[in-house]
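One-letter residues, chain by chain:
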Amino acid sequence: MKKKLESTDCPLCNSGRRTNFLTGKDYLYSLESFVIAKCLHCGALYTNPRVIENEIGAYYQNDYKPFLAKTVKSTALGKLRSAIGSMLGGSQNILLKVLSAHKVETVLDVGAGSGQLLEVFANRGISGVGVELNHQCVQSIRKRGLECYEGDLENSMQELSGHCFDAVVMIHVFEHLYSPIEVLRFAEQLLSPNGILYIEVPDAASLEAQLFKGYWRGYELPRHILHYNKSMIEDLLNKNGFMIIETNNVSLPSSLVESVGFLMFKSNKMPEWMYYCLFYFWKVFQFLLKPLIGTSSIAITASKLKALDER
Ligand SMILES: [Zn+2]
């Protein structure tokens, strides 16, 4: 699978001064090794050398989890599981709370994946539009009567030009971007004056990342181009026209379980029974330990600086 690699300067500050931070592997698919560099100027962690942008698609296979549609279960068991999920502060629950606090009625979901969030929005009367690179995902989203543009945000800008959104959300998408600063600019253009930007990313400064090192699920080499932590992403947003409203810790039990799998099996081959035993065990314990050890993901809510000037 080895594709063309390129050496790059820091994608956030353009400095070429760096040191090697760690070496990890693509445990999901290719088992190829990649290096994460640390910028000696701004401290950013970034994959270097990285796969060139127009070949990275080969590292996303059709069974990539975010592409798989999860059916919203209406059975009693399904409802119970979703209620427990909400109680334990999962990703979706935190996002919905933030959207509701900001009275959001229209959302752009960048990197909509299977369209699961768009479905959740539709069920709650929130008008959602998706942008997604994977052709099959876009087809499946449209078949369900939901609105989605195929491509990245840049090449969807023309179609989106008439739109104005109360929120732009990127759930585990931002770390995949080759030009995050450019994408922030597009997001800013698409937001209403009081609109909010909501970005969830793995936290490379989390205890989990420090413990698992090259086996940490959140590095997801070579698909993750930048490896953010709280101060790195807050600085980036502050410097690019946004003001931080809040940063939440988000529980993502699958991150720890898959990291354990990578460490034990040196691949993505953990038996399913083991996965689910560990998953539910960790889901409960992570919730209890959250105040002590934090979480493996963070979600940043920010508003446009211009909106504040106008107040
Ligand atoms: Zn830098």
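This text goes with the structure placed above it.
About the criteria used
Residues numbered from 1 in each chain as written. Predicted model: local features only at pLDDT ≥ 70, side-chain atom pairs only at ≥ 80, totals over all residues. Helix = DSSP H or I, 4+ residues; strand = E, 2+ residues; numbered from the N terminus. Buried ≥ 20, exposed ≤ 12 C-beta atoms within 10 Å, placed from the backbone. Arc of directions from axis to C-beta. Contact = placed C-beta atoms within 7 Å. Axes fitted to C-alpha atoms, helices over the stretch in contact; angles between N-to-C directions. Parallel < 35°, antiparallel > 145°, perpendicular 65-115°, else oblique. Left-handed = near helix turned anticlockwise from the far one by under 90°. Pairing = 2+ DSSP bridges. Nonpolar A, V, L, I, M, F, W, Y, C, P; charged D, E, K, R; others polar. Core = buried A, V, L, I, M, F, W, Y, C linked by C-beta atoms within 7 Å.

(A) Broad picture of the overall build of the chain. Each helix and strand in the chain was counted, giving 11 helices and 13 strands. Principal-axis analysis of the C-alpha atoms places the extent of the chain at approximately 50 × 45 × 40 Å.

(B) Inspection of unusual backbone geometry at higher detail. Geometrically, the link from N48 to P49 is a cis peptide bond, its omega value of -5° lying close to zero. One can find P49 in the loop between strand 4 (45–47) and strand 5 (50–51). That bond from L221 to P222 is cis: its omega, 0°, falls within 30 degrees of zero. On the secondary structure map, P222 appears in the loop between helix 7 (207–212) and strand 11 (226–227). At E220, a residue that is not glycine, the phi angle is positive and equals roughly 30°. Inspection of the secondary structure puts E220 in the loop between helix 7 and strand 11. Given 21 C-beta atoms within 10 Å, E220 falls into the buried group.

(C) Inspection of helix 2 (residues 91–101) at higher detail. Every buried residue of helix 2 is accounted for by I94, L95 and L99. All buried residues of helix 2 project into a common sector of 135° when viewed along the axis, lining one side. Away from its buried face by more than 90 degrees, helix 2 exposes S100 and A101. Elements in contact with the buried residues of helix 2: strand 6 (106–110), strand 9 (165–171), strand 10 (191–202), strand 12 (242–250) and strand 13 (297–304). Two residues or fewer after helix 2 comes K103, characterised by a positive phi angle close to 50°.

(D) Examining the packing of helix 9 (residues 253–265) against helix 10 (residues 272–293) more closely. With their axes 9 Å apart at the nearest point, helix 9 and helix 10 run at an angle of 135° to one another. With respect to helix 10, the axis of helix 9 lies oblique. Crossing handedness for the pair helix 9 and helix 10: right-handed. Residues P253, S254, L256, V257 and V260 of helix 9 lie in contact with helix 10, whose contacting residues are Y275, L278, F279, W282, K283 and Q286.

(E) Quick look at the sheet that holds strand 11. Across the sheet, which stays open at both edges, the 4 strands sit in the order 2-3-4-11 with antiparallel pairing between neighbours. Looking at the sheet topology across the chains shown, the edges are occupied by strand 2 (18–25) and strand 11. Where strand 3 (residues 33–39) and strand 4 come together, 3 bridges link them in antiparallel fashion. Paired with I36 across the strands is T47, a residue of strand 4.

(F) The arrangement of the packing of helix 5 (residues 153–160) against helix 6 (residues 180–190) in detail. As a packed pair, helix 5 and helix 6 sit with axes 10 Å apart at the nearest point and diverge in direction by 15°. Our classification of the angle between helix 5 and helix 6 gives roughly parallel. The crossing of helix 5 and helix 6 is left-handed. Touching L153, E154, M157 and L160 of helix 5 are E182, V183, F186 and L190, all from helix 6. Class assignment of the residues belonging to the contact of helix 5 with helix 6 gives a composition of 6 nonpolar, no polar and 2 charged.

(G) Examining the nonpolar core more closely. The biggest cluster of nonpolar side chains holds 67 residues, and the ones touching the most others in it are Y46, A167, V168, L197 and I199. Beyond its immediate stretch of four places on either side in the chain, V168 contacts L108, V110, A187, L190, L191 and L197.

Keep in mind that these numbers describe shape and distance, not what the molecule does.
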